[in-house]
Amino acid sequence: MRPGNSRFVAGLALLAACGTGAPGRPGALAVTDDAGRRVTLAAPAARVVSLAPSLTELLFALGAGPQVVGRTTWCRYPPAAAAVADVGDGLNPNLEAVAARRPDLVLLYHSPLNETAAAQLARLGIAAVLLRQDRHADVARHARLLGVLTGHAAAGDSIGRVLDSVVARPTPPAGVRVAFVVWDAPPTVIGAGSYLDELVTLAGGANVFHDLRPASATVSLETIADRDPGVIAILADSGAVVPPVWARRPEWRAVRAVRAGRFLVLPADLFGRPSPRAPEAVAELRRLLAREATP
Amino acid sequence: MKWVVLGLAAAGALGAAVVLGPAAIPFAELGTSPIVRDLRLPRALLAFLVGGALATAGTGLQGLLRNPLADPFLLGLSGGAGLGAVLAIALGWGGPWGLPVAAFAGAVGAMVLVYRLGLVGGGALDPRTMLLAGVAVGAFAAAVTTAIVSLAEASQLRNAFLWLWGGLSGASWQTLAVLAAYVPVPLAVLAAAARPLDLLALGEEPARYLGADVERVKRRVYLAASLLTAAAVAVSGVIGFVGLLVPHLARLVWGHRHRALLPAAFLGGGTLLTLADTLARTVVAPRELPVGIVTALVGVPVFALLLRRWGAP
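Cut-offs used in this document
Residues numbered from 1 in each chain as written. Chains lettered and ligands numbered in written order. Predicted model: local features only at pLDDT ≥ 70, side-chain atom pairs only at ≥ 80, totals over all residues. Heavy atoms only, no water. Helix = DSSP H or I, 4+ residues; strand = E, 2+ residues; numbered from the N terminus. Buried < 20%, exposed > 50% of the residue type's maximum accessible area, 1.4 Å probe, protein only. Contact = heavy atoms within 4.5 Å. Core = buried A, V, L, I, M, F, W, Y, C linked by side-chain atoms within 4.5 Å. Phe/Tyr/Trp six-rings, centres within 6.5 Å; stacked < 30°, edge-to-face > 60°. Lys NZ or Arg CZ within 6 Å of the ring centre and 35° of its normal. Pairing = 2+ DSSP bridges. Axes fitted to C-alpha atoms, helices over the stretch in contact; angles between N-to-C directions. Domains from an automatic or database assignment. Buried area = accessible area lost by both parts, 1.4 Å probe. Salt bridge = Lys/Arg side-chain N within 4 Å of Asp/Glu carboxyl O. Polar contact = N/O pair within 3.5 Å; in protein donor to acceptor, adjacent residues only side chain to side chain. Nonpolar A, V, L, I, M, F, W, Y, C, P; charged D, E, K, R; others polar. 1 Å grid on protein atoms, 1.4 Å probe; cavity = no way out; pocket = protein on both sides within 12 Å on 5 of 7 lines; lining within 4 Å. Points joined across faces, edges and corners; volume = space filled by probe spheres on them. Expected span 1.5 Å × (residues − 1). Right-handed = clockwise from strand over helix to strand, strands pointing away. pLDDT = per-residue confidence, 0-100.

Caption draft 1: Highlighting the overall build of chain A. Each helix and strand in chain A was counted, giving eleven helices and twelve strands. A buried classification covers 54% of the 295 residues belonging to chain A. Within chain A, counting contacts between residues at least 6 apart in sequence, those at least 24 apart form 61% of the total.

Here you go:
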């Protein structure tokens, strides 16, 4: 993997540092979650169970890490999250395991299944918020919302401002044309609905499948060859091989960037989900794209 | 006459598959475009070969099991192939050919199991035993597959299911060459069994009296049809309805003689799958549908019509 990971950690520490102090003010805290539900807490939550990796990361960035008492199996960032009790994979929450952590706030990804779970938690007297963190703008909104609920409102505002400024900064003209390939058989690419499409745009690149509305879609290999991206971006864990094995398949050789070995491997840890580290992700991607533009 | 029509349909389907596609390629450049040469042409030919193989395998199995519901995937092969594919992805079995090889191995494994179970009780390959064994092996493989999927990280394995739904995106001249070298042997075995399969339609006892070596024919037809299907699933995933539907359509036009039925099913299956794949590539372009969905969407209404026709007094 490329160097630079230490920079991300340093950036995170900086963000987290903004969140120290500012304990919750007395009185009721009220927010509206992404399902339109009004959630009120008498005091900042002291015991939080997070059932989405992106929200766990955000809690730690806010400085609310010590208040997290439950997480999903997939919450791997920051490394400190590993010390928190695992309450399952978070997809179909095991409410007994969640309740056993005696939380006063549960964070759920906003999905129909989780709406049911939130209603069941309400019957147990446990407050739950449903949050859908799919886009860059969601992170800033959630930073402020969770800042209020966990008593780190100042940190939430600070993170929100930093994230807003990334979007506010004028986007440099679209240079390198990128196709984000997430799977090879059938060929599946990232469309405009994905956070990764936003990142590519913010970093000054152009996603050649920006015209596809869903987050990801199966396309014909012929279309990839025809749109002729300058570089193929792939998300990968640290052990990934470059170029990927499928680049050796004869049908993929019809794509010029594959033949030329133009692959951009992005660490899944930083690029895999919308996170408060978006500024680092954008900067890193901008650097990588600039390198592709001037070979 | 009907052979001429079928031949023209086959040629038309192949022509359309080469001319039509999500990338706009001017007619004059069809001969020189690398997209046509390296992607469309091998894909059209692979679709034809896979469709033909599935329909021929289905014809053979329907004759063997004397069951109109028989389809190449009925006897557990899709479950075995799916298990192979999911294992390949979960364990990261390497190489660009890992997935097809594992799917092929899984399908052959299921075939061997069903075959062994079919021999239980005196080596008869009784159709009822085979069907039960096929369903049981398929269900078992599906259960193991689901267990792996639910225990492993989900996002990658979701893609394994997408692959399994069928698609010809893996087509290349190499894939085509491998399949074209492999398919003639089981096809020839099925063709050689044409007359015994006709006799088998009368029942096993009469077939035996009329001189057919029933046990040998059953073994050969089952293994040849299954090996054809395993190869098809390795290059294109599980594509339903071609192997079920085309034999019935062919029987309506060509009657019950396997000597005509088998080649008609091959050409018909090839034509149907080539057309279905062209639709899969173009109707929602630049996105692509799994071709198995197109064959089901086209196949089910046609099948419903057939059922009405049979149901009429």
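Caption draft 2: How the structure looks around the nonpolar core. By size, the foremost hydrophobic cluster in this structure holds 80 residues, and its most contacted members are Leu-46, Val-50, Leu-179, Tyr-222 and Leu-273 of chain B. Apart from the residues within four sequence positions on either side, Leu-179 of chain B is in contact with Leu-46, Leu-49, Val-50, Pro-184, Ala-231 and Val-235 of chain B. Among the nonpolar cores identified, the runner-up in size contains 54 residues, and Ala-64, Val-84, Ala-143 and Ala-281 of chain A belong to it.

Caption draft 3: Summary view of the packing of aromatic side chains. A complete count under the given rule lists six aromatic pairs over all chains for this structure. Measuring from ring centre to ring centre gives 5.8 Å for Trp-246 of chain A and Phe-263 of chain A, while their planes differ by 75°; the resulting arrangement is edge-to-face. Taken together, the residues span a long stretch of sequence, with Trp-246 of chain A in the loop between β11 (231-236) and α9 (256-259) and Phe-263 of chain A in strand β12 (residues 263-267) at a distance of 17 residues. In this structure Phe-263 of chain A comes out as buried when scored by relative accessible area, which is 6%. Aromatic pair Phe-48 of chain B and Phe-266 of chain B: ring centres 6.3 Å apart, planes at 75°, arrangement edge-to-face. With Phe-48 of chain B in helix α2 (residues 34-65) and Phe-266 of chain B in helix α13 (residues 258-282), this residue pair connects regions lying 218 residues apart in the sequence. Pair check on accessibility: Phe-48 of chain B and Phe-266 of chain B agree, each one buried. What links up through ring pairs into an aromatic cluster is the set Trp-246, Trp-252 and Phe-263 of chain A. The ring of Trp-97 of chain B has Arg-249 of chain A lying over it, and the distance from NZ or CZ to the ring centre is 4.1 Å.

Caption draft 4: Inspection of the sheet that holds strand β4 (residues 68-70) of chain A at higher detail. All names here are of chain A. Spatially, four strands are ordered β4-β3-β5-β6 in an open sheet, and the strand pairing comes out parallel. If you trace the sheet from one side to the other, it starts and ends with β4 and β6 (127-131), each paired once. Strand after strand, the sheet turns through a mean of 30° between neighbouring axes, direction not considered. Two elements, strand β3 (residues 48-50) and strand β5 (residues 105-109), share three bridges in a ladder whose sense is parallel. Note that in β5 the partner of Val-48 across the bridge is Leu-105. Seen against the sheet, helix α4 (residues 112-123) touches β5 and β6 and runs at an angle of roughly 165° to β5. Helix α5 (residues 136-150) rests against β3, β5 and β6 of the sheet, and its axis sits at about 170° to β6.

Caption draft 5: Broad picture of the domain arrangement of chain A. All names here are of chain A. Split into domains, chain A comes out as domain 1 (3-167) and domain 2 (177-293). Computed over C-alpha atoms, the centres of domain 1 and domain 2 are 29 Å apart. Buried surface at the junction of domain 1 and domain 2, both sides included, amounts to about 1800 Å², of which 60% is carbon and sulfur. Applying the counting rule to domain 1 against domain 2 returns three salt bridges. Residue Glu-57 pairs with Arg-277 through a salt bridge whose shortest N-O separation is 2.8 Å. The interface formed by domain 1 and domain 2 holds nine residue pairs in polar contact (both at pLDDT 80 or more) in total. Counting residues per element, the ones that place at least two in the side of domain 1 that touches domain 2 are α1 (5-18), α2 (53-62), α5 and α6 (153-168). When its residues are assigned to classes, the side of domain 1 that touches domain 2 shows 14 nonpolar, four polar and four charged.

Caption draft 6: Quick look at the environment of Tyr-222 of chain B. Residue and element names in this part refer to chain B. Along the polypeptide, Tyr-222 turns up in helix α11 (residues 214-236). Among the residues examined, Tyr-222 registers a relative accessible area of 0% and is labelled buried. Between the C-alpha atom of Tyr-222 and that of Tyr-115, which follows or precedes it by 107 residues, the distance is 8.3 Å. Sequence-distant contacts of Tyr-222, that is, excluding residues within four places in its chain, are made with Leu-61, Leu-64, Leu-75, Met-111, Val-114, Tyr-115 and Met-130.

Caption draft 7: Inspection of the layout of surface pockets at higher detail. Residues and elements named next belong to chain B. As a volume, the second largest pocket reaches approximately 360 Å³. As for the second largest pocket, its lining consists of 16 residues, of which Ala-201, Arg-251, His-256, His-258 and Leu-261 are closest to the centre. At the level of elements, α2, α9 (194-200), α12 (242-254) and α13 are the ones that each hand at least two residues to the lining of the second largest pocket. Top element by residues in the lining of the second largest pocket is α12. It accounts for three residues. Along the lines of polarity and charge, the residues of the lining of the second largest pocket split into six nonpolar, six polar and four charged.

Caption draft 8: Region of the structure containing the interface of chain B and chain A. Counting residues at the interface gives 29 residues for chain B and 26 residues for chain A. Each partner contributes to the roughly 2400 Å² buried at the junction of chain B and chain A, and carbon and sulfur atoms together form 61% of this total. Viewed at the interface, chain A and chain B are joined by two salt bridges. Between Glu-222 of chain A and Arg-40 of chain B there is a salt bridge, with the nearest N and O atoms lying 2.5 Å from each other. Inspection of the region where chain B meets chain A yields five residue pairs in polar contact (both at pLDDT 80 or more). Counting only elements with at least two residues in the side of chain B that touches chain A, the list comes to α2, α6 (154-164) and α7 (173-182) of chain B.

Caption draft 9: Representation of α12 of chain B within the structure. Residues and elements named next belong to chain B. Across its 13 residues, α12 extends 17 Å between first and last C-alpha, which sits within 8% of the 18 Å expected from 1.5 Å per residue. Taking burial as the measure, the 13 residues of α12 include ten buried ones, the bulk of the element. Here α12 has its buried residues at Val-242, Gly-243, Leu-244, Leu-245, Val-246, Pro-247, His-248, Ala-250, Arg-251 and Trp-254. Following α12 by one or two positions, Gly-255 adopts a phi angle in the positive range, close to 80°.

Caption draft 10: Fine view of the environment of Ala-46 of chain A. Residues and elements named next belong to chain A. Residue position: Ala-46 is located in the loop between β2 (38-41) and β3. For Ala-46, a relative accessible area of 46% puts it in the partly exposed group. Distance in space between the C-alpha atoms of Ala-46 and Val-106 is 11 Å, their sequence separation being 60 residues. Contacts of Ala-46, omitting those with residues within four sequence positions, involve Gln-67 and Asp-104.

Caption draft 11: How the structure looks around the pairing of β5 of chain A. Residues and elements named next belong to chain A. Counting buried residues along β5, four of its five residues qualify, which places the element largely inside the surrounding structure. Taken together, the five bridges between β5 and β6 define a ladder with parallel strand orientation. Among the inter-strand pairings, Leu-107 is bridged to a residue of β6, identified as Val-129. For the crossover from β5 across α4 to β6, the handedness is right-handed.

Caption draft 12: Representation of the confidence of the model for chain A. The share of residues in chain A with pLDDT of 70 or more is 88%, and the mean pLDDT across the chain is 85. Mean pLDDT across the elements of chain A bottoms out in α1 of chain A (42) and peaks in β3 of chain A (95).

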